[in-house]
Amino acid sequence: MAANGTILFSHILPVILGFLAIILVISGSLEESKTKLGVGIVLFVVACLFPYLILSVLI
């Protein structure tokens, strides 16, 4: 069913990616590591845009 895929891509994966992104941003800023900070910012943007891109294809 399509409902299972939409719940996965709209509620579960963005939360997991957003949480990991926030952890990387905090870790990168505290350790002054620009790579961790950059990866965290990019991952957060991907977590925000991911549901819109995937769900527009599924629905």
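In the block above lies the structure referred to throughout.
Numbering of residues begins from 1 in every chain and follows the order in which that chain's sequence is written. Only residues with pLDDT of at least 70 get local features here, since the model is predicted, and only at 80 or more are side-chain atom pairs given and counted; chain-wide, interface and lining totals rely on the full set of residues. Only heavy atoms go into the side-chain values, all of them from the structure, while hydrogens and water stay out.

J.: Break down the overall build of the chain for me, citing the residues and quoting the values.
T.: Along the chain, the regular secondary structure elements total 2 helices and 0 strands. For the radius of gyration, the atoms used are the C-alpha atoms, and the globule rule reads 2.2 Å times the number of residues raised to 0.38. The C-alpha radius of gyration computed for the chain amounts to 14 Å, which surpasses the reference 10 Å derived for 59 residues by more than 25%, pointing to a less compact arrangement than a globule. Overall, the C-alpha framework of the chain stretches about 45 × 15 × 10 Å when taken along its three principal axes. Each residue gets one of three labels from its accessible area relative to the maximum for its type: buried under 20%, exposed over 50%, partly exposed in between, using a 1.4 Å probe on protein chains only. Each of the 59 residues in the chain was classed as buried or not, and the buried ones make up 17%. Numbering of helices and strands runs from the N terminus; a helix is a DSSP stretch of H or I covering at least four residues, while a strand is a stretch of E covering at least two.

J.: How would you explain helix 2 (residues 34-58) if you had to name every residue and give the values?
T.: Expected span of a helix: the number of residues minus one, times 1.5 Å. For helix 2, spanning 25 residues, the distance from its first C-alpha to its last is 35 Å, which sits close to the expected 36 Å at 1.5 Å a residue. A residue's bend is the angle separating two fitted axes: one through the seven residues that end there, the other through the seven that start there. In the structure, helix 2 departs most strongly from a straight axis at Leu 49, where the bend amounts to approximately 40 degrees and where the proline Pro 51 lies between one and four residues downstream. Of the residues making up helix 2, those classed as buried are Gly 40, Ala 47, Pro 51 and Leu 55.

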